[in-house]
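Architecture and fold: a report
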Amino acid sequence: MKIATPYYLIDEKKLLRNMQIIEQVRLLSGAKSVLALKCFSTWCVFDLMKQYMDGTTSSSLFEARLGFEKFGKETHAYCVGYSESDIRAVVGYADKVIFNSISQLERYCDLVKPAKLGLRVNPGFSHSGFDLADPARKYSRLGVADKQMLAQKLPQLSGLMFHYNCENDDLETFSQQLDRIGECYGDILRQLEWVSLGGGLYFTKEGYPVEAFSKKLADFAAEFGVQVYLEPGESAISGCAELVTSVVDVVHNEIDIAIVDASVEPHMLDLLIYRLSAKMESTNCGEHQYMVAGRSCLAGDVFGNFQFKDKLAIGDEIRFADAAGYTMVKKNWFNGLQMPAIAVRRLDGTVEVVRQFTYSDFLNNLS
Ligand SMILES: *Cc1c(COP(=O)(O)O)cnc(C)c1O
């Protein structure tokens, strides 16, 4: 059966490969991994993921609830700014609540029992290629920067969370920065039970030195006597999904332009935010070059320039790679375009369409 485009296709076999690396890191290092739901919260594959990961972490009340209800295991709850009603609800789902500031901790610490309390720390350095996503940027509001104030709050805390990496695929810089954390916060960590090193580590990437990474984590855990957590988002789901589209028109304006039945802003928004080109799985090396563009009214709705073996015709399928992390969670109804369905290729090879969107989803998104 041919599925009508556009649709996101998640491949469980590819996902399993990432999950097995995550499990390997836990076996070798003792570090637990909780899925960062802000990156990926398409819960139709959580039954597979939860066999290899230790739970979820969240950025909001709704994510915490989703983690608790659809993933289970450990539920970490973090938010840059909780309201009182958020906190009263979040304690029904979370076993750890991580506050972003001392003032949030002071305001709500009596409301969160029996959950364990953590605080996010801003160590003042980071590994990030984009200012927009740099947690140590000037005037950053993300985490507590004042170590003295942090030390005063130790009696209320069981752990700390550091999230200071973004797309870091380099073990060397990770190790150096982890050493800095040990030097600066080691005295504090020795008095705590756990530390989360956040996300932003590309340890599932092809060729990443997983064993050396695991050893670094194990040594850190042993030196400070803490349970280490990782919060993988992108590295859990990287390379596991495609956005499958069809060509609806081919036009020419100095170059050949193929227009597909999806669009960058509503369906792969991060390409616009970070000014990136979409990726294609098959290395295209043909002689026919096209700009592949979306069908929204936005002039710059361009997926990228690609080479194709054959001339493109209306109805031809074009598949963009890496369509899961920070992609499906950000889809929106801009231009009222057909929302891509969600399909999963299960481990046994069968493809299941798990969700289709209709006019009524568009209608009910607003009122
Ligand atoms: C975004 C985020 C993550 C996940 O980051 P990835 O780059 O997707 O691995 C983990 N923890 C926190 C606190 C985050 O903000």
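Looking at an unreviewed UniProt entry, one finds the protein named Carboxynorspermidine decarboxylase and attributed to Anaerosporomusa subterranea.

**A word on the overall build of the protein**
When its secondary structure is counted, the protein shows twelve helices and 16 strands. Computed over C-alpha atoms, the radius of gyration of the protein comes to 22 Å, within 12% of the 21 Å expected from 2.2 N^0.38 for 367 residues, which places it in the range of a compact globule. With respect to the three principal axes, the spread of C-alpha positions in the protein is 65 × 50 × 45 Å. Summed over its atoms, the accessible surface of the protein is roughly 17,100 Å², and 50% of this surface lies on carbon and sulfur atoms. Here the protein contributes 38 positive and 47 negative side-chain charges, whose respective centroids are spaced 4 Å apart.

**A word on the packing of aromatic side chains**
Enumeration according to the criterion identifies 17 aromatic pairs in this entry. Relative to Phe320, the ring of Phe306 has its centre 6.3 Å away and its plane inclined at 55°; by these criteria the two rings are tilted. Remark: Phe320 occurs in strand E14 (residues 317–321) and Phe306 occurs in strand E13 (residues 302–308); sequence separation between them is 14 residues. Residue Phe306 is classed as buried on the basis of its relative accessible area of 6%. Among the aromatic residues, ring-to-ring pairing joins Phe174, Phe203, Tyr208 and Phe213 into one connected group. In this arrangement the basic side chain of Lys147 is found over the ring face of Tyr185, its NZ or CZ atom lying 5.9 Å from the centre.

**Quick word on the pairing of strand E16 (residues 351–355)**
Note: strand E15 (residues 341–345) against E16, four bridges, orientation antiparallel. Looking across to E16, one finds that Arg345 is bridged to Val351. Joining the antiparallel neighbours E15 and E16 is a turn of five residues, in which Gly349 adopts a positive phi near 95°.

**A few points about unusual backbone geometry**
Residues other than glycine predominantly adopt negative phi, and peptide bonds predominantly adopt the trans conformation. Note that the residue after Thr5, namely Pro6, is joined by a cis bond; omega there is 0°. Tracing the backbone shows Pro6 in the segment before strand E1 (7–11). Lys113 connects to Pro114 through a cis peptide bond whose omega is 10°. Along the chain, Pro114 falls in the loop between helix H5 (102–108) and strand E6 (116–121). Phi at Arg275 is positive, roughly 55°, even though this residue is not glycine. The residue Arg275 is located in the loop between helix H11 (269–273) and strand E12 (288–293) in this model. Exposure remark for Arg275: the relative accessible area of 77% places this residue in the exposed category. With a phi angle near 55°, Asp322 is a residue other than glycine that sits in the positive phi range. Within the secondary structure layout, Asp322 lies in the loop between E14 and E15.

**Structural notes on the sheet that holds strand E5 (residues 96–99)**
The parallel closed barrel is built from eight strands, whose spatial order is E2-E3-E4-E5-E6-E7-E8-E9. In this sheet, adjacent strand axes meet at a mean angle of 25° when their direction is disregarded. Where strand E8 (residues 194–196) meets strand E9 (residues 227–230), three bridges bridge the pair, whose relative direction is parallel. Following the sheet pairing, Ser196 is matched in E9 by Tyr229. Sheet strands in contact with helix H7 (residues 171–189) are E6, strand E7 (159–162) and E8, and its direction is about 160° off that of E7.

**Focus on the nonpolar core**
One finds Met49, Phe303 and Phe320 to be the most contacted residues of the largest nonpolar core, which totals 102 residues. Inspection of this core shows a minimum of three residues originating in each of domain 1 (12–237) and domain 2 (241–323 + 331–365). When residues no more than four places from it in sequence are discounted, the contact partners of Met49 are Leu15, Met19, Leu35, Phe40, Phe71 and Ala236. Counting seven residues, the second-largest nonpolar core is a separate cluster that includes Tyr78, Met161, Trp194 and Tyr229.

**Quick notes on the site of the ligand**
For the ligand, the full set of nearby residues is Ala36, Lys38, Met161, His163, Gly199, Gly200, Glu231, Pro232, Gly233, Glu234 and Tyr326. Lys38 places a side-chain nitrogen or oxygen 2.7 Å from an oxygen atom of the ligand. Residue Gly233 places a main-chain N or O atom 3.0 Å away from an oxygen atom belonging to the ligand. Taken by itself the ligand offers 380 Å² of open surface, and the protein chains cover 89% of this. Residue composition of the shell around the ligand, grouped by class: four nonpolar, four polar and three charged.

**Description of the pattern of salt bridges**
The full count for this structure, using the stated rule, is 23 salt bridges. Ionic pairing is found between Asp169 and Lys205, a salt bridge with its closest N-O pair at 2.6 Å. One end of the pair, Asp169, is in the loop between E7 and H7; the other, Lys205, is in the loop between E8 and helix H8 (210–224), with 36 residues separating them in the sequence. Its relative accessible area of 42% is what places Lys205 among the partly exposed residues. A salt bridge links Arg355 to Asp361, with the shortest nitrogen-to-oxygen separation between them at 3.7 Å. Assessed through its relative accessible area of 38%, Arg355 is described here as partly exposed. Salt bridges here are not isolated pairs; linked through shared partners, they connect Lys2, Glu242, Glu317 and Arg319.

Conventions adopted
Residues numbered from 1 in each chain as written. Predicted model: local features only at pLDDT ≥ 70, side-chain atom pairs only at ≥ 80, totals over all residues. Heavy atoms only, no water. Helix = DSSP H or I, 4+ residues; strand = E, 2+ residues; numbered from the N terminus. Rg over C-alpha atoms; globule rule 2.2 N^0.38 Å. Areas by Shrake-Rupley, 256 points an atom, 1.4 Å probe, with all protein chains shown as cover. Lys, Arg positive; Asp, Glu negative; His and termini not counted. Charge placed at Lys NZ, Arg CZ, Asp CG, Glu CD. Phe/Tyr/Trp six-rings, centres within 6.5 Å; stacked < 30°, edge-to-face > 60°. Buried < 20%, exposed > 50% of the residue type's maximum accessible area, 1.4 Å probe, protein only. Lys NZ or Arg CZ within 6 Å of the ring centre and 35° of its normal. Pairing = 2+ DSSP bridges. Axes fitted to C-alpha atoms, helices over the stretch in contact; angles between N-to-C directions. Contact = heavy atoms within 4.5 Å. Core = buried A, V, L, I, M, F, W, Y, C linked by side-chain atoms within 4.5 Å. Domains from an automatic or database assignment. Near = heavy atom within 4 Å. Polar contact = N/O pair within 3.5 Å; in protein donor to acceptor, adjacent residues only side chain to side chain. Nonpolar A, V, L, I, M, F, W, Y, C, P; charged D, E, K, R; others polar. Salt bridge = Lys/Arg side-chain N within 4 Å of Asp/Glu carboxyl O.

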